[in-house]
Amino acid sequence: MSFKDWFVKRSPLPEMWREHMAEYYAPKNFNIFYYAGSLLLLMVVLQFLSGFLVLAHYIPTARGAYDSVYGIMYDVHYGWLMQYMHVDGVSLIFVLLYVHMARGMLYGSYRSPREIVWIVGYTTYLAFMAEAFFGYVLPYSNLSYWAGTVITSLFKSIPFIGGWVTTLVRGGPGMSGDTLNRFMALHVTLVFMIIVGLIVLHILYLHKVGSNNPDGIEIKASKGPDGHPVDGIPFHPYYSVKDLFGFGVWLIIFGAIIFYAPTFHHIFLERTMSTPANPLKSLPDVTPPWYLSPFYAMLRSIPNKNAGIILMVVAVLFPFVLPWLDRNPVKSTRYRPITRIMLLIFFINFFVLAYLGEQPPLPKYFFAERLGAFIYVAFFVLLPFVSKFEPTRAPPARVRFRAH
Amino acid sequence: MKKYVIWAGMTLGLLTGGAPAVFADNGPQLLTPHYTYNAKTIISGARLFATNCMACHSIKFMRYEFLTNDLGMSKTDVHKYIMLPTGSAFKNNMTSAMPTDMAHKWFGLPPPDLSQIVRYKSQDWIYTYLLSFYRDPKRPSGWNNHLFPNVAMPDVLAPYGGIVNERGQVLRAGDEPPPKFKEQVTDIVAFLRFVSDPSVVQRHDDGPWVLGLLVFFTIAAYFLKKEYWKEVK
Ligand code: HEM
């Protein structure tokens, strides 16, 4: 018996390879938005690598944290590379997450039978928010300090046990080295492991039901004599080589940012990140990073703190029920002009909210913030009715594809 | 294809043009220093900083050796122009010799560390700040600043730039003509920018190689993909 036969008999890997790569049939008409999924996988791996390297030099104490982080920048061999990869990687992951989700909304990928793929994916996004927040606090810059204080104080709004929860999360009455210790534990073990587990589930659930595509029609509906979908192609080698090309383009962008614009106009690395924590020097208008600011704008749009928190929580949770709000038999917005326009308004509004969330809390922004929050919520509230009655065009029986 | 070009164009436009404008601070009007960012400007800024600022301010993340390793300054020059006569070693951090309790006594607070000041406040802010001092008899130090009201720092650059009162009238001309003085201030700003991120030298050295390699990889991947996808009808 050859070694290969001996190994194959005992190994689950060949079967997994076939199921998820060589014989996973994906629609052949994926467009550019479909790169985001594999790029997210790449970025999570890179984030783990750079995170591992910076962790090796990080000191989780109130006195040591800030200096240790800059020790990496100035003294560790290629420390700046590890650090910038990790910092800029976060923002790029969120760029990809938003593209990936927008793709799902444009083509109705959240619809039956992919509801669980969507829900698991969205949970990953929420886990990433938590991961980013805990990471944010670790350098113990002044921004870390005040962002940590503001966000943990949100727990105070929980009825009855709010104060107790806040103290538990902070590890004391205020931010301190104890906070850093528990946030580090959360950042590098618990939340990260949850993210990895969710990603595995996400892909297993997707491969059980098969991928959607820009036309929103099921390729499994037309199968060839060999039992495979006629419009499907094996993931490996077709999409694996295509994604390899995507990796290349994406890494050029990532590299250009790291080497030539690491702070990205101080959007990826905010200015107040570059001054140490100072409980006496409060940041008057501490704003969250760009990828969380749409929700922050909604929080702020209501003057009552608790009502604002409720609105924000509702806004964050709404996408979970999206699969059941959409009631049109046609999935892709390619054939649903009205929903497509609503979606575009929704996306633009999300950008506007991100902008507003970065502004100081001035009265002149209140109206725009409220309007933005209203449009955000209105999309989800209107969708069940619009999707029920909107006129649609008939999707084609087979996917639209032009051979390259 | 055309569609993608338009998309890419829009995204790029947003990122390069829109983003900075969108995220701009709503602060006071600042002046912008104009210069070429190279070793010469940085070194001349380093010399000015060492003579005029390091008595009070540390740049604690910097080390003297970065000046030779990254900027190509000679060791003798560093000894002669940069190092304070405090017997500091070459590998040491560039810290000021001022004892903290003395600083408290003189200024009410220790002069802040300036390692990250360009990251924190921006080049424009520092440039404007250094050009905004004026004589104010009401202040204990005799100095005030338009950008940083009631600042505890004296106008240490007055010998070069001269002294003005609150309304900008010249009380005493400086040793340097105004354009030359602005150039000196610009050099200090350039040096502090370097101090905020010395990796810039290595980044710009390595960048073209890394990106070149990635471009090569991407082109190869593109043709590989094209070859495979020929079969997809
Ligand atoms: C780190 C996080 C994530 C990773 C690594 C990831 C990875 C992937 C991958 C590799 C695919 C298959 C390739 C593709 O269709 O693009 C996929 C599909 C999908 N993902 Fe994600 N994903 C993540 C987050 C999310 C989020 C936040 C959502 C939505 C809220 C989501 C929803 C979906 C949906 C609906 C599909 C199926 C798309 C279709 O078949 O048209 N994913 N994901």
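Residues numbered from 1 in each chain as written. Chains lettered and ligands numbered in written order. Predicted model: local features only at pLDDT ≥ 70, side-chain atom pairs only at ≥ 80, totals over all residues. Heavy atoms only, no water.

(A) Representation of the overall build of chain A within the structure. Within chain A, the regular secondary structure consists of 15 helices and 2 strands. Against the compact-globule benchmark of 22 Å for 404 residues, chain A has a radius of gyration of 23 Å, which places it among compact chains. Seen through its principal axes, chain A has C-alpha atoms that stretch 75 × 65 × 45 Å. The proportion of buried residues among the 404 residues of chain A is 55%. Across chain A, contacts joining residues at least 24 apart in sequence account for 79% of those joining residues at least 6 apart. Summed over its atoms, the accessible surface of chain A is roughly 18,900 Å², and 72% of this surface lies on carbon and sulfur atoms. Between the averaged position of the 32 positive side-chain charges in chain A and that of its 21 negative side-chain charges there is a distance of 6 Å. (Helix = DSSP H or I, 4+ residues; strand = E, 2+ residues; numbered from the N terminus. Rg over C-alpha atoms; globule rule 2.2 N^0.38 Å. Buried < 20%, exposed > 50% of the residue type's maximum accessible area, 1.4 Å probe, protein only. Contact = heavy atoms within 4.5 Å. Areas by Shrake-Rupley, 256 points an atom, 1.4 Å probe, with all protein chains shown as cover. Lys, Arg positive; Asp, Glu negative; His and termini not counted. Charge placed at Lys NZ, Arg CZ, Asp CG, Glu CD.)

(B) Expanded view of the pattern of salt bridges. By the definition in use, this model includes 17 salt bridges over all chains. Notably, a salt bridge pairs A:Asp231 with A:Lys28, separated by 3.6 Å at the nearest N-O pair. You can see A:Asp231 sitting in the loop between helix 9 (177–209) and strand 2 (232–234) and its partner A:Lys28 sitting in the loop between strand 1 (25–27) and helix 3 (35–55), a full 203 residues away along the chain. You'll find A:Asp231 and A:Lys28 in the same group, each marked buried. Between B:Lys60 and A:Asp67 there is a salt bridge whose closest N-O contact spans 3.4 Å. One end of the pair, B:Lys60, is in strand 1 (residues 59–63); the other, A:Asp67, is in helix 4 (residues 65–75), on a second chain. Owing to a relative accessible area of 32%, A:Asp67 belongs among the partly exposed residues under this scheme. Via salt bridges that share partners, A:Arg111, A:Asp326, A:Arg336 and A:Glu390 belong to a single interconnected network. (Salt bridge = Lys/Arg side-chain N within 4 Å of Asp/Glu carboxyl O.)

(C) Looking closely at the domain arrangement of chain A. Residues and elements named next belong to chain A. As assigned here, chain A comprises domain 1 (29–283) and domain 2 (292–404). Summarising the inter-unit geometry, the C-alpha centres of domain 1 and domain 2 are found 22 Å apart. Listed as interface residues are 34 residues of domain 1 and, on the opposing side, 36 residues of domain 2. Between domain 1 and domain 2, the buried area comes to about 3,100 Å², and carbon and sulfur atoms account for 63% of it. (Domains from an automatic or database assignment. Buried area = accessible area lost by both parts, 1.4 Å probe.)

(D) How the structure looks around the site of the ligand. Residue and element names in this part refer to chain A. Around the ligand sit 22 residues in total, of which Tyr 34, His 100, Ser 109, His 202 and Asn 212 are the nearest. One of the side-chain nitrogen or oxygen atoms of His 100 is found 2.7 Å away from a nitrogen atom of the ligand. Within the side chain of His 202, a nitrogen or oxygen atom sits 2.7 Å from a nitrogen atom of the ligand. The biggest single contributor to the shell around the ligand is helix 6 (residues 115–137), with 7 residues. Classifying every residue of the shell around the ligand by side-chain character gives 12 nonpolar, 9 polar and 1 charged. (Near = heavy atom within 4 Å. Polar contact = N/O pair within 3.5 Å; in protein donor to acceptor, adjacent residues only side chain to side chain. Nonpolar A, V, L, I, M, F, W, Y, C, P; charged D, E, K, R; others polar.)

(E) Representation of the packing of aromatic side chains within the structure. As enumerated under the stated definition, the model contains 50 aromatic pairs over all chains in all. Ring centres 5.4 Å apart and planes at 55 degrees place the aromatic pair A:Tyr376 and A:Phe380 in the tilted group. Here A:Tyr376 and its partner A:Phe380 are both found in helix 15 (residues 363–389), 4 residues apart, which amounts to about one turn of the helix. Note on A:Phe380: relative accessible area 2%, which makes it buried. When the ring centre of B:Trp229 is taken as origin, the NZ or CZ atom of A:Lys242, which lies over that ring, is 5.3 Å away. Just above the ring of B:Trp125 sits the side chain of B:Lys121; from NZ or CZ to the centre is 4.1 Å. (Phe/Tyr/Trp six-rings, centres within 6.5 Å; stacked < 30°, edge-to-face > 60°. Lys NZ or Arg CZ within 6 Å of the ring centre and 35° of its normal.)

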